[in-house]
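Examining the three-dimensional arrangement
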Amino acid sequence: MDPDEDFIYLIAPGCVGRSCLELTPERVRQEIERCKELCSALEQEHVDLQMAKEGVERRTQELRKEGELCKNFEQQMSLNRDEEGSLQASICLAKEEQNRLMQEKQVLQKKLEEVRKRVLWEDLATMLPALPEKKMVFKGLETNKEDMNKLVLTPLIHYPLPGGSALITFEKAEVAQRIIEAKEHMVELSSGEELEELDRCRVRVQAAPVDVLLPSALEIGLTRSSRSILVSDLPSLGIPEETLLDKLELFFSKTKNGGGEVESREFLDDSGQVVLTFARDGVAEPLIARGHMQVLIGRREYKLKISPCMSGDITNLQLQPSRCPRTVLLSSIPDVLGEELMRDSLEIHFQKSSRGGGEVDALAYVPAGQQAVAVFTEDAG
């Protein structure tokens, strides 16, 4: 073998420790080409694996995002269900609160109406002490001893009527109630000379109940005068009151008649009775004890009744509202007709059963710009 000749020795794997086959250059080139192909295949496989890895990672991220989206969606659905339930509960609570407020409103409106009425009655009650004094005489009947603490009052109520209003009293209470419940009425005015150009003219009026104050409790403090007597059963002589007072004073001032000096004398209005007051004590009592006396008036004697003179003061007066069952207050009546024509129109309208009315017992109308006072007496019916 030539020492200058090149040789390449390849040791194949697994040849360590044993004889190896010598390779020629051609053989080496073949091996190199094969290794290159193997390396290229490995690189391509690496690239494919890398791409597959990246695809798997992308899919993993997508799945993770989808999972998060599903989780968020489920949480949102749960929140929506909770909010819907909370909204339904809030709606129920709001309805309950509305119902409660409506009930409170009704209660407060009722209390307000009661307060308004009470204020009205209290205002009227405070006006009573300012009313002018009027002397009164009791003209009652004798009763049993057990009835001595009973007092029967006959009310006489004065009710102010403003202009543009009317009071109408029906024969039946149910008719008045129907008119009040309707509240508003269209009244067709009667035809007449004043309405030739306003044929079938109508006016709108308001109907309301009539509430008045009546005494429910009355306490009177009575004081018996020690020097006055009440003379009653006076005859009708057709002479002036002053003349009669002179004759009575002349008779009762004489000591032979059991009298004394008369300090004052007074004819009580609408009673036919006279109050005589003596100048000193001790004169009135013996006369009262006699009960009756033959009194010379002119040329004739008359049997007169002698009674104690009682004066009284109201110590306690309690009033309560009372509604007139058959009477209705009509208001907001415009001034478009004369007084008589308007009164007739109102009566014609409200006596028709087709309009909810009935037989009219009484009607009082006050035109706009005027004022009047209606007097209510006890309803015997």
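So, here's what we can say about the structure. In this text the structure is predicted, and so the values were computed from the model without any measurement.

**Brief notes about the overall build of the protein chain**
From N to C terminus, the protein chain includes five helices and ten strands. The buried share among the 381 residues of the protein chain stands at 24%. Here the analysis covers contacts within the protein chain between residues at least 6 apart in sequence; of these, 72% occur between residues at least 24 apart. Accessible surface, the protein chain: about 28100 Å² in total, of which carbon and sulfur atoms supply 52%.

**Brief notes about unusual backbone geometry**
Positive phi values are uncommon outside glycine, yet Asp 233 reaches one of about 60 degrees. Note on placement: Asp 233 falls in the loop between β4 (202-232) and α3 (241-252). Classification of Asp 233 as partly exposed rests on a relative accessible area of 49%. Residues other than glycine seldom take positive phi values, yet Ser 332 does so here, at roughly 60 degrees. With respect to the helices and strands, Ser 332 occurs in the loop between β8 (300-331) and α5 (339-350). With relative accessibility at 48%, the residue Ser 332 sits in the partly exposed group.

**Structural notes on the nonpolar core**
With 23 residues, the main nonpolar core has Ile 229, Leu 248 and Phe 252 as its most contacted residues. Every element with two or more residues in this core is listed here: β4, α3, β5 (262-268), β6 (273-278), α4 (284-290), β7 (292-297) and β8. For this core, the leading source of residues is α3, giving five residues. Listed in part, the 22 residues of the second largest apolar core include Ile 179, Leu 330, Phe 350 and Tyr 365.

**Digging into helix α2 (residues 173-182)**
Buried within α2 are the following residues: Val 175, Ala 176, Ile 179 and Ile 180. Axial view of α2: buried residues confined to an arc of 135 degrees, hence all on one face. Considering only its buried residues, α2 is in contact with β2 (165-170), β3 (184-188), β4, β8 and α5. Just beyond α2, the residue with positive phi is Lys 183, at close to 65 degrees.

**Looking at the state of the cysteines**
Throughout the structure, instances matching the rule amount to zero disulfides. Of the cysteine sulfurs around Cys 39, a residue in no disulfide, the closest is that of Cys 35, at 8.8 Å. Take Cys 39: its relative accessible area is 38%, and that puts it in the partly exposed class.

**Re the environment of Glu 340**
Here Glu 340 shows up in helix α5. Given the relative accessible area of 56%, Glu 340 is considered exposed.

**Considering the environment of Ile 180**
Residue placement: Ile 180 occurs in helix α2. Here Ile 180 falls in the buried class, since its relative accessible area comes to 15%. Expressed as a C-alpha distance, the spacing of Ile 180 and Leu 329, which sit 149 residues apart in the sequence, is 8.6 Å. Leaving out residues up to four positions away in the same chain, Ile 180 has contacts with Ala 207, Ala 208, Pro 209, Thr 327 and Val 328.

**Digging into the pattern of salt bridges**
Considering all chains together, one arrives at 18 salt bridges under this definition. For the salt bridge of Glu 184 with Arg 204, the shortest nitrogen-to-oxygen distance reads 2.8 Å. Residue Glu 184 is found in strand β3, and its partner Arg 204 is found in strand β4; the two are separated by 20 residues along the sequence. On the basis of relative accessibility, which here comes to 46%, the residue Arg 204 falls in the partly exposed class. For Asp 361, the salt bridge is made with Arg 326, and the minimal N-O distance between the two is 3.5 Å. Of the two residues, Asp 361 is situated in strand β9 (residues 360-366) and Arg 326 in strand β8; the sequence distance between them amounts to 35 residues. With relative accessibility at 18%, the residue Arg 326 sits in the buried group. A network of salt bridges, in which partner residues are shared, links Glu 242, Asp 246, Glu 249 and Arg 265.

**Description of the packing of aromatic side chains**
Aromatic ring pairs: the centre-centre distance and the angle between the two ring planes describe each pair. One pass over the structure, following the stated rule, counts one aromatic pair. Judged by centre distance (5.1 Å) and plane angle (80 degrees), the rings of Phe 251 and Phe 252 are edge-to-face. Given a relative accessible area of 10%, Phe 251 falls into the buried group.

**Quick word on the pairing of β8**
Two strands pair when backbone bridges link them, and β2 and β8 are joined in this way by four bridges, in the antiparallel orientation. Opposite Ala 166, over in β8, you have Leu 330 as the bridge partner. By the bridge criterion, 21 bridges tie β4 to β8 in an arrangement that is antiparallel. Paired with Gly 221 across the bridge in β8 is Asp 313. Taking the residues that link successive antiparallel strands as the turn, the β7-β8 hairpin has two residues, and the phi of Gly 298 there is positive, at about 70 degrees.

Procedures and definitions
Residues numbered from 1 in each chain as written. Predicted model: local features only at pLDDT ≥ 70, side-chain atom pairs only at ≥ 80, totals over all residues. Heavy atoms only, no water. Helix = DSSP H or I, 4+ residues; strand = E, 2+ residues; numbered from the N terminus. Buried < 20%, exposed > 50% of the residue type's maximum accessible area, 1.4 Å probe, protein only. Contact = heavy atoms within 4.5 Å. Areas by Shrake-Rupley, 256 points an atom, 1.4 Å probe, with all protein chains shown as cover. Core = buried A, V, L, I, M, F, W, Y, C linked by side-chain atoms within 4.5 Å. Arc of directions from axis to C-beta. Disulfide = S-S within 2.5 Å. Salt bridge = Lys/Arg side-chain N within 4 Å of Asp/Glu carboxyl O. Phe/Tyr/Trp six-rings, centres within 6.5 Å; stacked < 30°, edge-to-face > 60°. Pairing = 2+ DSSP bridges.

Nothing here speaks to function; it is all geometry.
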